Amino acid sequence: MSQFPPTPDSDPNADLDPASALINLLNDAQREAVCAPLGNRLILAGAGSGKTRVLIYRMAWLMQIERISPYSMLAVTFTNKAANEMRARLMKLLRTAENSGQPRISAYDLWVGTFHGLAHRLLRQHWQEAGLLENFQIIDSEDQSRIVRKVMKALELDEKNWPPKQAQWFINQCKDEARRPHDLDNYDDVFERTMKQVYKNYQETCERNGLVDFAELLLRVHELWVQNPHILADYQRRFQHILVDEFQDTNTIQYLWLQQLAGAQAHVFAVGDDDQSIYGWRGAKVTNLHHFQQDFPEVQLTKLEQNYRSTGTILEAANRLIGNNPGRLGKNLWTDGEEGLPISLYRAFNEYDEARFIVERVQSWADEGGSLKECAILYRSNAQSRVLEEALLSARLPYRVYGGLRFFERAEIKDAMAYLQLLANEDNDSAFERVVNTPTRGIGDRTVEIVRQEARRNGISMWRAAGQVIVSGELTTRAANALRKFQEMILQLRENTGSLPLHELTEQVLENSGLRAQLKKKNTEKDQTRLENLDELVNATKHYTDESLDSDGLSPLQTFLSKTVLDTGEESSHSGENGVQLMTLHSAKGLEFPLIFLCGLEEKLFPHSMSLQDENGLEEERRLCYVGITRAMRQLYISYAEVRRLHGQENYTRPSRFIHEIPAELLEEIRLRSSNQAVYQAPKAPAFAMDSGAGKFRVGQRVMHPKFGEGVILNSEGSGATERVEVHFGHQGSKWLVLVYANLQAVE
DNA sequence: TTGTAGCCTTTTTTT
DNA sequence: AAGGCTACAA
């Protein structure tokens, strides 16, 4: 471990003068960046080169040496995780400096946040000038999709010919490029004309209901500033120093935003790595790195190429791989640390075998005293996590899955949240429609449709329309009563909104709405976890008390609603704090682990088939692979499966081209299997979960045979009476056995 | 209006 | 494989 220098953030160089204390442990390039004179600067920082550290030290430098008030600084990141980490590390660094007798400087006034978070804050502040309702709410992409679908239905567009997803994509794309419907051409093309119409209607719906989607947050602020120069001028005057992390991930609107805010005065300190640009699909423009150097005056460039994270072998692999991408800004990572172990390559039969292999290696890592949270399993798509989870589960290894179904995206949570949204704003039609009849209370499609029409006819919200329809006699008395009862329930809850603490209010929502009762009634295993999720939700609300309110006079309820949409819910820390980390390659960016498993390196999965259409897509996949490799500090495993079941379909695969792009001498192929030739034949039938009488045999399972003793299932073929499994029995080698006769026993 | 059985489609990454 | 959606019976 000697190759890794101590992390200096907490290093008590207390008796040095402040400047030396700060820069003492930086290398030359890092020091150049941190101590640079004021001005625009681009830091091209390779993976593991201390990018974040430089950013944090720069902030400390500005405050302590340049005597710049934190009040005039703005630091922007892309994820909340990054923002939180940055703030925490900065505070820690300042605290150490404080001990050395420095005057107290607080980072509390400092704006650190994500683009979206900051935009939200600005819009709350200036909702009037931005043309928003005071109690506007933020919607996530699922909400957005629902609204798009509804809009398209109203336009009588058939979902088959007009996939809503496409429309959603179109809308977001436009917004990312700062285009409103009226900015668009009067298309001749039917498709584009229709999309434009959907966009227009969608936007009107959002305006009416006080809803703001992710892209809208950014666009609104942009427009706010265009239309209100005095507001912009205020912020320009305030934020003289703007620091941007992961600059390669900025999209058009974010770039515009920065340009506006910086004006001619501010100094922008941008940190990025073109080789780690992996969000092109959501509008990020790597070219912003180039533009930055042209659009901003006198940009100085610093390259950070020394890597402190990985072994020489891992870096070499990463460099060679990324070398296949043309048009890079050019960077070559190096380390003066040791070469390290070769990269291990494992060819699995199928995904179960792959998972089995990984779990086995994790197990031996743990047996040798390694900590589980130092292991990460990375995959291309979320769907891959399930098999891995099962394997970990049956090995009784704790784990934690990042992303995937986020807590706040689960149906039962969204239901509960919709009630809260409706309490905060009764005109939120999305929320209204979601919960009028969840749980079912006799308000069917018929009734809802009548309410919807009434709302549309009068240009009012569904909540108000419901009130009118109840008295107008358009409904059967039964429906009217049900609807009235629903409204009374909401109104009664609302009475408590102000007086009760948020968690008690939430508790009441769960009880009075019948959400809990509904789940308790069915009481299957899934419903059990759903109930637990609801409890978890109540728990989460406990942090939102009046005292803890930090944002601009919002009620705890409103604060909670906004936070949960923007926050990915990382902190809803469940079990598995000390477990193996499972995540997609995308969410692994910025993290590092001693032991990394990169799995599913197969053509069409990684690189993903969707990205193979164009050269850009492929290059982005390669960068993604580069990100994955460079996460590893000491040891890297790469695996692929010869057969993989995807979308219920079994596929024969070819190893990813990325494997071939890593020099063979850095790789070491691992063969756990017997010498049996049969292993090279692709199995003819599903090689797992055999459903014969014996029950739960599958690849990787340990079994007991009366004559051969204990072994592991390597493979299987056929089904029913002809189902055979290949079992490896230690020194006796592998044998194909017909399951019906073999009399195998599963071994725990 | 509700609940369910069966048909259908969908397959990447996320603030 | 899994979720969404429709059609149908109660």
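If you're wondering where the values come from, they're calculated on a predicted model, not measured in any experiment.

In this section: the protein's contact with DNA strand C. Neighbouring DNA strand C are Arg-149, Arg-386 and Arg-645. The contact in question runs from a phosphate oxygen of DNA strand C to an N or O atom on the side chain of Arg-149, over 2.6 Å. Within the side chain of Arg-386, an N or O atom sits 3.5 Å from a phosphate oxygen of DNA strand C.

Time to look at the nonpolar core. Membership of the largest hydrophobic core comes to 49 residues, with the highest contact counts inside it found for Leu-420, Phe-432 and Phe-486. Leaving out residues up to four positions away in the same chain, Phe-432 has contacts with Leu-422, Val-451, Met-462, Trp-463, Ala-466 and Phe-486. In this structure, Leu-132, Leu-217, Leu-232 and Val-244 belong to the second largest nonpolar core, which totals 44 residues.

The final tally for this structure, using the stated rule, is zero disulfides. Cysteine Cys-174 remains unbridged, with the sulfur of Cys-206 as its closest cysteine sulfur at 14 Å. The class for Cys-174 is buried, based on a relative accessible area of 2%. For the unlinked cysteine Cys-625, the closest cysteine sulfur is that of Cys-599, found at 12 Å.

The strand order S3-S2-S6-S7-S1-S8 describes an open sheet built from six strands, whose pairing is parallel. Of all the strands in the sheet, the pair left with one neighbour each is strand S3 (111–114) and strand S8 (300–304). Across the sheet, the mean angle separating the axes of adjacent strands is 15 degrees when strand polarity is ignored. As paired strands, strand S2 (residues 73–77) and strand S6 (residues 241–244) are joined by four bridges and run parallel to one another. Within the sheet, the bridge partner assigned to Val-76 lies in S6 and is Val-244.

Let us now look at the packing of aromatic side chains. Evaluation of the coordinates by the stated rule reveals 20 aromatic pairs. Ring centres of Phe-292 and Phe-296 lie 4.8 Å apart, and the angle between their planes is 45 degrees; on these two criteria the pair is classed as tilted. Here Arg-282 stacks its cationic end above the ring of Tyr-279, 4.4 Å away from the centre of that ring.

Okay, the packing of helix H5 (residues 115–125) against helix H9 (residues 214–227) next. Helix-helix packing is characterised by the crossing angle of the two axes and by the distance between the axes. As a packed pair, H5 and H9 sit with axes 9 Å apart at the nearest point and diverge in direction by 55 degrees. The pairing of H5 with H9 is recorded here as oblique in orientation. Here H5 runs over H9; the crossing is left-handed. Each of Phe-115, His-116, Ala-119, His-120, Leu-122 and Leu-123 in H5 lies in contact with H9, whose residues at this interface are Phe-214, Leu-217, Leu-218, Arg-220, Val-221 and Trp-225. When its residues are assigned to classes, the contact of H5 with H9 shows nine nonpolar, two polar and one charged.

Turning our attention to unusual backbone geometry. Among all residues save glycine, negative phi is the norm, and among peptide bonds the norm is trans. The omega torsion of the bond from Thr-438 to Pro-439 falls at -10 degrees, within 30 degrees of zero and hence cis. By the element assignment, Pro-439 lies in the loop between helix H17 (429–435) and helix H18 (445–458). With an omega of 5 degrees, the peptide bond running from Phe-606 to Pro-607 counts as cis. Take Pro-607: it is sitting in the loop between strand S13 (593–598) and helix H26 (615–629). Located in the positive-phi region is Arg-67, a residue other than glycine, with phi close to 60 degrees. Counting through the fold element by element, Arg-67 comes out in the loop between helix H3 (51–64) and S2. A relative accessible area of 51% places Arg-67 in the exposed class. Backbone geometry at Lys-604 places phi at a positive 80 degrees, although glycine is not the residue there. In this fold, Lys-604 is placed in the loop between S13 and H26.

To continue, consider helix H23 (residues 525–541). Taking 1.5 Å per residue as the helical rise, H23 with its 17 residues ought to reach 24 Å, and the 25 Å between its terminal C-alpha atoms agrees with that figure. Of all the positions in H23, only Asp-527, Leu-531, Asn-533, Leu-534, Leu-537, Val-538 and Thr-541 are classed as buried. The arc that holds the buried residues of H23, viewed along the axis, is 155 degrees, so those residues lie on one side.

On to the environment of Arg-654, then. Inspection of the secondary structure puts Arg-654 in the loop between strand S15 (649–652) and helix H27 (657–660). Note on Arg-654: relative accessible area 58%, which makes it exposed. Measuring from C-alpha to C-alpha, the distance between Arg-654 and Met-489 comes to 58 Å, with 165 residues separating the pair along the chain. With residues near it in sequence (within four places) discarded, Arg-654 still touches Glu-602 and Glu-603.

For the pair H18 and helix H19 (residues 462–472), the least separation of the axes is 8 Å and the interaxial angle reads 110 degrees. In terms of orientation, H18 and H19 fall into the roughly perpendicular class. The segment H18 lies against H19, with Val-448, Ile-450, Val-451, Arg-452, Glu-454, Ala-455 and Asn-458 engaging Met-462, Ala-465, Ala-466, Gln-468 and Val-469. Looking at the contact of H18 with H19 residue by residue, the classes come out as eight nonpolar, two polar and two charged.

The next point concerns the side chain of Asp-245. Of note, Asp-245 is situated in the loop between S6 and helix H11 (252–262). Residue Asp-245 is classed as buried on the basis of its relative accessible area, which comes to 3%. Ignoring anything within four residues of it in the chain, the contact list for Asp-245 reads Lys-51, Leu-55, Val-76, Thr-77, Phe-78, Met-86 and Val-271.

Summing up the model confidence of chain A, the mean pLDDT is 83 and the portion of residues at 70 or higher is 85%. Overall, residues 1–14 carries pLDDT values under 50, and its contacts beyond four positions in sequence, including any with other chains, amount to 29 contacts. Overall, residues 571–576 carries pLDDT values under 50, and its contacts beyond four positions in sequence, including any with other chains, amount to six contacts.

Another aspect to go through is the pattern of salt bridges. As enumerated under the stated definition, the model contains 47 salt bridges in all. Two residues, Arg-41 and Glu-32, come together in a salt bridge whose shortest N-O distance is 3.4 Å. Here Glu-142 and Arg-146 are joined by a salt bridge, their closest N and O atoms 3.3 Å apart. Of this pair, Glu-142 and Arg-146 both sit in helix H6 (residues 141–154), four residues apart, which is roughly one turn of that helix. You can call Glu-142 partly exposed: its relative accessible area is 30%. Judged by relative accessible area, Arg-146 falls into the partly exposed class, the value being 38%. Via salt bridges that share partners, Asp-140, Glu-142, Asp-143, Arg-146, Lys-414, Asp-415 and Arg-434 belong to a single interconnected network.

Here strand S14 (residues 632–646) lies mainly inside the structure; 12 of its 15 residues are buried. Looking at chain direction, strand S9 (residues 343–350) and S14 are connected through six bridges and run parallel. From the neighbouring strand, Asn-350 faces S14, where its bridge partner is Val-643. Here S13 runs beside S14; their pairing, made up of five bridges, is parallel. Paired with Leu-595 across the two strands is Gln-635, which belongs to S14. Two strands pair when backbone bridges link them, and S14 and S15 are joined in this way by four bridges, in the antiparallel orientation. Bridge assignment links Arg-645 to a residue of S15, and that residue is Glu-650. Two successive antiparallel strands, S14 and S15, enclose a turn made up of two residues, where His-647 displays a positive phi of approximately 55 degrees.

Calculation criteria
- Residues numbered from 1 in each chain as written.
- Chains lettered and ligands numbered in written order.
- Predicted model: local features only at pLDDT ≥ 70, side-chain atom pairs only at ≥ 80, totals over all residues.
- Heavy atoms only, no water.
- Near = heavy atom within 4 Å.
- Polar contact = N/O pair within 3.5 Å; in protein donor to acceptor, adjacent residues only side chain to side chain.
- Core = buried A, V, L, I, M, F, W, Y, C linked by side-chain atoms within 4.5 Å.
- Buried < 20%, exposed > 50% of the residue type's maximum accessible area, 1.4 Å probe, protein only.
- Contact = heavy atoms within 4.5 Å.
- Disulfide = S-S within 2.5 Å.
- Pairing = 2+ DSSP bridges.
- Helix = DSSP H or I, 4+ residues; strand = E, 2+ residues; numbered from the N terminus.
- Axes fitted to C-alpha atoms, helices over the stretch in contact; angles between N-to-C directions.
- Phe/Tyr/Trp six-rings, centres within 6.5 Å; stacked < 30°, edge-to-face > 60°.
- Lys NZ or Arg CZ within 6 Å of the ring centre and 35° of its normal.
- Parallel < 35°, antiparallel > 145°, perpendicular 65-115°, else oblique.
- Left-handed = near helix turned anticlockwise from the far one by under 90°.
- Nonpolar A, V, L, I, M, F, W, Y, C, P; charged D, E, K, R; others polar.
- Expected span 1.5 Å × (residues − 1).
- Arc of directions from axis to C-beta.
- pLDDT = per-residue confidence, 0-100.
- Salt bridge = Lys/Arg side-chain N within 4 Å of Asp/Glu carboxyl O.

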